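Here are the chains, one letter per residue:
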Amino acid sequence: LVLTYLKYDWGWRNDQHLQPVLARCLEASPGDVWELIGDALLSPDAFALTLSLRRTPLVLKASLEVLLDWAGRHKPEGPRVLGERAKPSSVPMEELPRQLLIRFGDDKHVCSALFAAFETEDWWGPAVDHVDRKLAIVKEWLKDPEPAVRAWARDVERALLRQRDHWRQKEEEDELRG
């Protein structure tokens, strides 16, 4: 039944009960089930499936080896699909985004997706403080032994420094307006 749902995009629109079942299937047979999920995500008609999987991180239920093997066999879109679902956010960097950078870091779409995932989150308070918290994480990633991770972290650092300058100027202007 779950595999039938994978074939049809309409099955993902009403998935509150399907997600836990699919997660169990993925735990029981990660390679076979991820192959089906991944292939469905590669489909141009996978919009509802993509939205559904953003709510439930099924990527985390499959082993790193299964995910990277699948991505390698489905270049260039496979690594990009995983890049959209991997969220680098801590020190040390989570292994999936780290391995995506090491293996597929020459793909600007993968790098961009990882940056978007890192940057996107809810927060409150001064924007400069938020960017500074992000920069503190990136500074640790700059110490990673892998050149691809360090190169990506340098690009992220440059982007965040530009953002910080922008927000600092905006906050100063807002203070002047009172």
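Above this text sits the structure in question.
Bear in mind that the values here come from a model prediction, so they are computed numbers and not experimental data. (Residues numbered from 1 in each chain as written. Predicted model: local features only at pLDDT ≥ 70, side-chain atom pairs only at ≥ 80, totals over all residues. Heavy atoms only, no water.)

Please clarify how the overall build of the protein chain should be interpreted in this entry.
On a plain count of helices and strands, the protein chain comes out with ten helices and zero strands. Across the protein chain, helices and strands are ordered from the amino to the carboxyl terminus as α-α-α-α-α-α-α-α-α-α. Counting all 178 residues of the protein chain, 41% fall into the buried class. At a minimum sequence separation of 6, the contacts of the protein chain that also span at least 24 residues come to 62%. (Helix = DSSP H or I, 4+ residues; strand = E, 2+ residues; numbered from the N terminus. Buried < 20%, exposed > 50% of the residue type's maximum accessible area, 1.4 Å probe, protein only. Contact = heavy atoms within 4.5 Å.)

How should the nonpolar core be read in this particular structure?
Nonpolar side chains in soluble globular proteins generally cluster together in the buried interior. W34, L100, W141 and W152 are the most contacted members of the largest nonpolar core, which totals 36 residues. Those elements that provide at least two residues to this core are helix 2 (18-28), helix 3 (30-42), helix 5 (64-73), helix 6 (77-83), helix 7 (95-104), helix 8 (108-119), helix 9 (127-141) and helix 10 (147-177). Sorting elements by how many residues they give to this core places helix 10 first, with six residues. Sequence-distant contacts of W141, that is, excluding residues within four places in its chain, are made with P88, S89, S90, V91, P92, M93, F118, V149, R150, W152 and A153. (Core = buried A, V, L, I, M, F, W, Y, C linked by side-chain atoms within 4.5 Å.)

Sorry if this is basic, but what is going on with the packing of helix 8 against helix 10 here?
The geometry of a pair of packed helices is captured by two quantities: the angle between their axes and the separation between those axes. Contact pair helix 8 / helix 10: the axes reach a minimum separation of 11 Å and the direction vectors enclose 50 degrees. One finds that helix 8 runs oblique with respect to helix 10. Crossing of helix 8 against helix 10: the hand is right-handed. Packed against helix 8, whose contacting residues are C111, L114, F115, F118 and E119, the element helix 10 presents W152, V156, A159, L160 and Q163 at the interface. Across the contact of helix 8 with helix 10, the residue classes break down as eight nonpolar, one polar and one charged. (Axes fitted to C-alpha atoms, helices over the stretch in contact; angles between N-to-C directions. Parallel < 35°, antiparallel > 145°, perpendicular 65-115°, else oblique. Left-handed = near helix turned anticlockwise from the far one by under 90°. Nonpolar A, V, L, I, M, F, W, Y, C, P; charged D, E, K, R; others polar.)

Before we go on, may I ask you to explain the side chain of D144 in this structure?
With respect to the helices, strands and loops of the structure, D144 is situated in the loop between helix 9 and helix 10. In terms of polar contacts, D144 uses its side chain to reach the side chain of R98, at 2.8 Å. Every residue in contact with D144, bar those within four places of it in the chain, is listed here: R98, V149 and R150. (Polar contact = N/O pair within 3.5 Å; in protein donor to acceptor, adjacent residues only side chain to side chain.)

Just checking my understanding: could you explain the packing of helix 5 against helix 7 for this structure?
Packing of helix 5 against helix 7 brings their axes to within 11 Å, and their N-to-C directions diverge by 30 degrees. The chirality of how helix 5 crosses helix 7 is right-handed. In contact with L64, L67, L68, A71 and G72 of helix 5, helix 7 contributes E95, L96, Q99, L100, R103 and F104. For the contact of helix 5 with helix 7, the per-class residue count stands at seven nonpolar, two polar and two charged.

What is the right way to read the side chain of R85 from this model?
For R85, the position within the fold is in the loop between helix 6 and helix 7. Note on R85: relative accessible area 17%, which makes it buried. From its side chain, R85 meets the backbone oxygen of V81 in a polar contact 2.8 Å long. In terms of polar contacts, R85 uses its side chain to reach the side chain of E84, at 3.3 Å.

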